[in-house]
Amino acid sequence: QVQLVESGGGLVQAGGSLRLSCAASGATFSRYNMGWFRQAPGKEREFVAAIRWTGGSTSYADSVKGRFTISRDNAKNTVYLQMISLKPEDTAVYYCAVDKYGSRWNLAASTSYDYWGQGTQVTVSS
């Protein structure tokens, strides 16, 4: 069982920045693929960003490309989502997720992940 602890959400004005953190258990964290998803009220969960264990390859949804950066610190078993130039449309509950075996091809699909965090609220005011 992989346990996740998320932090960093909050309320910011449009144009502001936040950094989300997700600490994961597991001695093989360095072999996990990690992802961030978000869900706004009344909408389906959508992909935000992902980072693979192999070479630290990253991918992003078009809506956040150029504004969000996903990174990881394997020594701390932690993945981060640095968000800048936030927009009201970014308001959502953000979830981190784990592909435990680091084997999935399509990390934009929620079905590729084995474990999920509890979510952290990000609210961007206009």
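Residues numbered from 1 in each chain as written. Predicted model: local features only at pLDDT ≥ 70, side-chain atom pairs only at ≥ 80, totals over all residues. Heavy atoms only, no water.

J.: When you look at the overall build of the protein chain in this model, what are you seeing that I'm missing?
T.: Broken down by element type, the protein chain carries zero helices and 11 strands. Beginning at the N terminus, the succession of helices and strands in the protein chain can be written as β-β-β-β-β-β-β-β-β-β-β. Over its C-alpha trace the protein chain gives a radius of gyration of 13 Å, about what one expects of a compact globule, namely 14 Å for 126 residues. If you line up the protein chain on its principal axes, its C-alpha atoms span 40 × 25 × 25 Å. Here the protein chain, with 126 residues, has 44% of them falling under the buried criterion. In the protein chain, the share of contacts with a sequence separation of at least 24, taken over all contacts with a separation of at least 6, comes to 58%. (Helix = DSSP H or I, 4+ residues; strand = E, 2+ residues; numbered from the N terminus. Rg over C-alpha atoms; globule rule 2.2 N^0.38 Å. Buried < 20%, exposed > 50% of the residue type's maximum accessible area, 1.4 Å probe, protein only. Contact = heavy atoms within 4.5 Å.)

J.: Looking at this structure, I do not really get the sheet that holds strand β3 (residues 18-24). What am I missing?
T.: The strands that make up a sheet are held in pairs by hydrogen bonds between backbone atoms, and each pair lies either parallel or antiparallel. Judged by pairing direction, the sheet is antiparallel, and its four strands sit side by side in the order β1-β3-β8-β7 without closing on themselves. The open sheet is flanked by β1 (4-7) and β7 (68-73), the only strands paired with a single partner. If you compare each strand with its neighbour and ignore which way they point, the axes differ by 15 degrees on average. Bridge count for β1 against β3 is four bridges, and the pairing is antiparallel. Across the sheet, Ser7 pairs through a bridge with Ser21, a residue of β3. (Pairing = 2+ DSSP bridges. Axes fitted to C-alpha atoms, helices over the stretch in contact; angles between N-to-C directions.)

J.: In this structure, what is going on with the side chain of Asp90? I would like to understand it.
T.: Along the chain, Asp90 turns up in the loop between β8 (78-83) and β9 (92-99). Given the relative accessible area of 2%, Asp90 is considered buried. One polar contact links Asp90 to Arg38, side chain to side chain, over a distance of 2.9 Å. Contacts of Asp90, omitting those with residues within four sequence positions, involve Arg38, Arg67, Phe68, Ser85, Val122 and Val124. (Polar contact = N/O pair within 3.5 Å; in protein donor to acceptor, adjacent residues only side chain to side chain.)

J.: How do you make sense of the state of the cysteines when you look at a structure like this?
T.: Defined simply, a disulfide is a covalent bond joining two cysteines at their sulfur atoms. Under the defined criterion, the tally for this structure stands at one disulfide. Here Cys22 pairs with Cys96 through a disulfide, and the sulfurs are 1.9 Å apart. Residues Cys22 and Cys96 share a disulfide whose torsion about the S-S bond is about 45 degrees; that sign makes it right-handed. Highlighted residues: Cys22 in strand β3 and Cys96 in strand β9, separated in sequence by 74 residues. In terms of burial, Cys22 and Cys96 fall into one category: buried. (Disulfide = S-S within 2.5 Å.)

J.: Mind showing me how you'd approach the nonpolar core here?
T.: Grouped burial of nonpolar side chains is what soluble globular proteins tend to show. Of all hydrophobic cores here, the largest spans 36 residues; its most connected members are Trp36, Val48, Phe68, Leu81, Met83 and Tyr94. Where this core is concerned, the elements lending two or more residues are β3, β4 (33-39), β5 (46-51), β7, β8, β9 and β11 (120-125). In contact with Tyr94, not counting residues within four places along its chain, are Glu6, Leu20, Trp36, Phe37, Arg38, Val48, Phe68, Leu81, Met83, Gly119, Thr120 and Val122. (Core = buried A, V, L, I, M, F, W, Y, C linked by side-chain atoms within 4.5 Å.)

J.: Help me understand the environment of Gln3, please; the structure alone is not making it clear to me.
T.: Structurally, Gln3 can be placed in the segment before β1. When the C-alpha positions of Gln3 and Tyr115 are compared, they lie 7.7 Å apart, and in sequence the two are 112 residues distant. If sequence neighbours within four positions are ignored, Gln3 has contacts with Ala23, Ala24 and Ser25.

J.: Sorry if this is basic, but what is going on with unusual backbone geometry here?
T.: For residues that are not glycine, phi is negative in most cases, and the peptide bond is trans in most cases. We note that Asn77 has phi near 50 degrees; this positive angle belongs to a residue other than glycine. Mapped onto the elements of the fold, Asn77 is located in the loop between β7 and β8. With a relative accessible area of 19%, Asn77 lands in the buried category. Even without being a glycine, Ser85 presents a positive backbone phi close to 50 degrees. Relative to the helices and strands, Ser85 is located in the loop between β8 and β9.

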